[in-house]
Amino acid sequence: MKNKKLELSVILLLICTVFWFAPMEFFFVNINSFWFDIYDLLPFAVLGTIVTFGGLFIFFRLLGRFLPRIRAVVICLLFSSILALYLQGNYFIGELGVLDGTVIEWSLHKKEAILSYTLWGSMLLFGGLLAVLFLKGKQQIEKIIVTISICLILVQIVTLITAGIFSDGFKKSVSNVPTTNYQFEMSSEENMIVLLLDSFDARAMDNVIEDVNCGSILKDFTWFRNTVGGYVYTDLAIPHIISGCQYGEEETYKEYVTRAYNESEWLNKLYNNNWRINIYTQSEGPQGELAVNIDNYEKVDLTVSSKRRLAKYMYRLVGFRYLPFPLKQYCWFYPDEMEDMRNAKDSEVQIYDWSNFVFYENMKEMHVVTSEPSMHLYHLEGTHIPYHISDKFELVERETSIEEEAQGVFILIDEFLSKLKENGIYDNSTIVIMADHGYEGYRQSPLFCVKGKSEKHEFEVTDIPLSYDDLQKAFCYLSEGAAVKDAFSHVPTGERKRTFWFYDLDYSHNINEQKFVVEEYVTSGNSYEDDSVERIEP
């Protein structure tokens, strides 16, 4: 094995697969899940190429001089391992679910485990066979390895270019993003504050209501216990809450969000009455021209604050897809952990972070700065999976539960309301504490509590059949200073059918260009009753 072509072809195949194809093809295929661009991946791809090429070239040179037979075995096994990586990551991925924070029950994926073990076992035997034949003088083995390596490198290059073009992944884009500007700058006269806690299910509220002393924390509030939400995932849920507009299936996501913000009766009413409007959410915001001005949104070129952390996260994602089954669990994480690396390039603005703990720390900055009426909508992590918040509002390594996390989040709610009171803002504010969607059952039963401006009464619970389709009119009344009883007087009190919607995301396209297939569901019973839910056939 004196021919350098063999070791060079295998080294280049390793570099192409691990440092270029695997992370970048993964980026293009899941482009809507990432806020950074492909060029942020280049530094560690280049660094990995230089270090790996130099290190392996020297390593194989030394082996060739002192242990030539071992060198042959190592090259053949490395070649077969690279093939196994490529096949595992592209043809034997399996159905492990979406990385949305849901903890994976690895023991339930026996099919994926068997396929992975079979693949890697077969490839290692193949590598061993190549080594044995080569050591026996079968010189054509070298040609086979070199030919396969070059062909696979070319296939990966063509695939990368094609995926990049079709996903529009080579474009450097400017995003309209929520910043932390004016985050805790309140009005001395009138505020409308919406605390939007992701995935906080009303049934979790029911389970912890006694434990968290809800009657004291939510004094002056009314809890609408029998509430049916709209869309059961955040992407469409938030625009629907803000506007009441339903998604039209011929629309791209960008078209829908822009239309929703423009047609929102509530936002237009606030804007026309000279309210300052601030919307803090980590989900996609409007990217088109708006009829109303959202004060804290700015167009920026996003970049990452730490290339080292980005490399670590990306290779955990790559490992989750490409490594053999028993190693995948060590790569699992919740990708939203990457969000706090978002930076605005060449700008001093800070991008909003939905972390419960970041919000809790930053609310110390709350103060009164204006007499203009102000609206603040804060979309927070709430009780989103994975559950790692304790009932003491501490981030813990162990897995908690939605009930324990709800108890912890109530500490945040209590502290937030206390800060409003300390700054003399509480009484002149309408405050809504709600979820974008539920989590249990069909995810149709979100938390919804509200206190009207200047309202004073004991904590109340009502079971009127509220729907998120009712919110636009209610929010408009509340912004005029209406009491909760009057703001929701249009909601029927008897038996009522209420609609909510499921849909699927296509993770192979940029979310702004996606079109969704929406499934309509209706319930005629209490929002907790999964048995009364029916799908409406199109």
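Worth saying up front: this structure is predicted, and the values here are computed from it rather than measured.

### Concerning the side chain of Asp470
For Asp470, the location among the structural elements is in the loop between strand 15 (466–467) and helix 15 (471–479). Every residue in contact with Asp470, bar those within four places of it in the chain, is listed here: Pro465, His490, Val491 and Arg496.

### A short note on helix 2 (residues 42–66)
With 25 residues, helix 2 should cover 36 Å at 1.5 Å per step; its first-to-last C-alpha distance of 36 Å lies within 8% of that length. Of the positions making up helix 2, those classed as buried are Phe44, Ala45, Gly48, Thr52, Leu56, Phe60 and Leu63. Next to the buried residues of helix 2 lie helix 1 (4–29), helix 3 (68–90) and helix 11 (307–322).

### Focus on the pattern of salt bridges
The tally for this structure, following the rule as stated, stands at 18 salt bridges. Of the charged contacts in the structure, one is a salt bridge between Arg61 and Glu7, with a shortest N-O distance of 3.0 Å. Placement of Arg61 in helix 2 and of Glu7 in helix 1 is noted, with a sequence separation of 54 residues between them. The closest approach of N and O atoms between Arg203 and Asp201, which form a salt bridge, is 3.3 Å. Within this structure, Glu7, Arg61 and Arg71 form a network of salt bridges that share partners.

### Remarks on the sheet that holds strand 13 (residues 448–451)
Taking strand neighbours across the sheet as the criterion, the seven strands line up as 6-11-3-12-13-4-14 in an open arrangement whose pairing is mixed. The two strands at the open ends of the sheet, each matched to only one other strand, are strand 6 (276–280) and strand 14 (460–462). Pairwise comparison of adjacent strand axes, ignoring direction, gives a mean angle of 15° for this sheet. By the bridge criterion, five bridges tie strand 6 to strand 11 (residues 374–380) in an arrangement that is parallel.

### Looking at the packing of aromatic side chains
Within this structure, the stated rule accounts for 37 aromatic pairs. Measuring from ring centre to ring centre gives 5.9 Å for Phe53 and Phe57, while their planes differ by 10°; the resulting arrangement is stacked. Here Phe53 and its partner Phe57 are both found in helix 2, four residues apart, which amounts to about one turn of the helix. Taking relative accessible area as the criterion, Phe57 reaches 24% and is therefore assigned partly exposed.

### Details of unusual backbone geometry
Cis geometry marks the peptide bond from Ile385 to Pro386; its omega dihedral reads -5°. Structurally, Pro386 is set in the loop between strand 11 and helix 14 (402–422). One non-glycine residue, Ser199, lies in the positive phi region at around 65°. Note that Ser199 resides in the loop between strand 3 (191–197) and helix 6 (202–208). The class of Ser199 is buried, set by a relative accessible area of 2%. Notably, Asn213 is not glycine yet its phi reads approximately 55°, a positive angle. Checked against the element boundaries, Asn213 lands in the loop between helix 6 and helix 7 (214–217). Owing to a relative accessible area of 48%, Asn213 belongs among the partly exposed residues under this scheme.

What counts, and where the lines are drawn
Residues numbered from 1 in each chain as written. Predicted model: local features only at pLDDT ≥ 70, side-chain atom pairs only at ≥ 80, totals over all residues. Heavy atoms only, no water. Helix = DSSP H or I, 4+ residues; strand = E, 2+ residues; numbered from the N terminus. Contact = heavy atoms within 4.5 Å. Expected span 1.5 Å × (residues − 1). Buried < 20%, exposed > 50% of the residue type's maximum accessible area, 1.4 Å probe, protein only. Salt bridge = Lys/Arg side-chain N within 4 Å of Asp/Glu carboxyl O. Pairing = 2+ DSSP bridges. Axes fitted to C-alpha atoms, helices over the stretch in contact; angles between N-to-C directions. Phe/Tyr/Trp six-rings, centres within 6.5 Å; stacked < 30°, edge-to-face > 60°.

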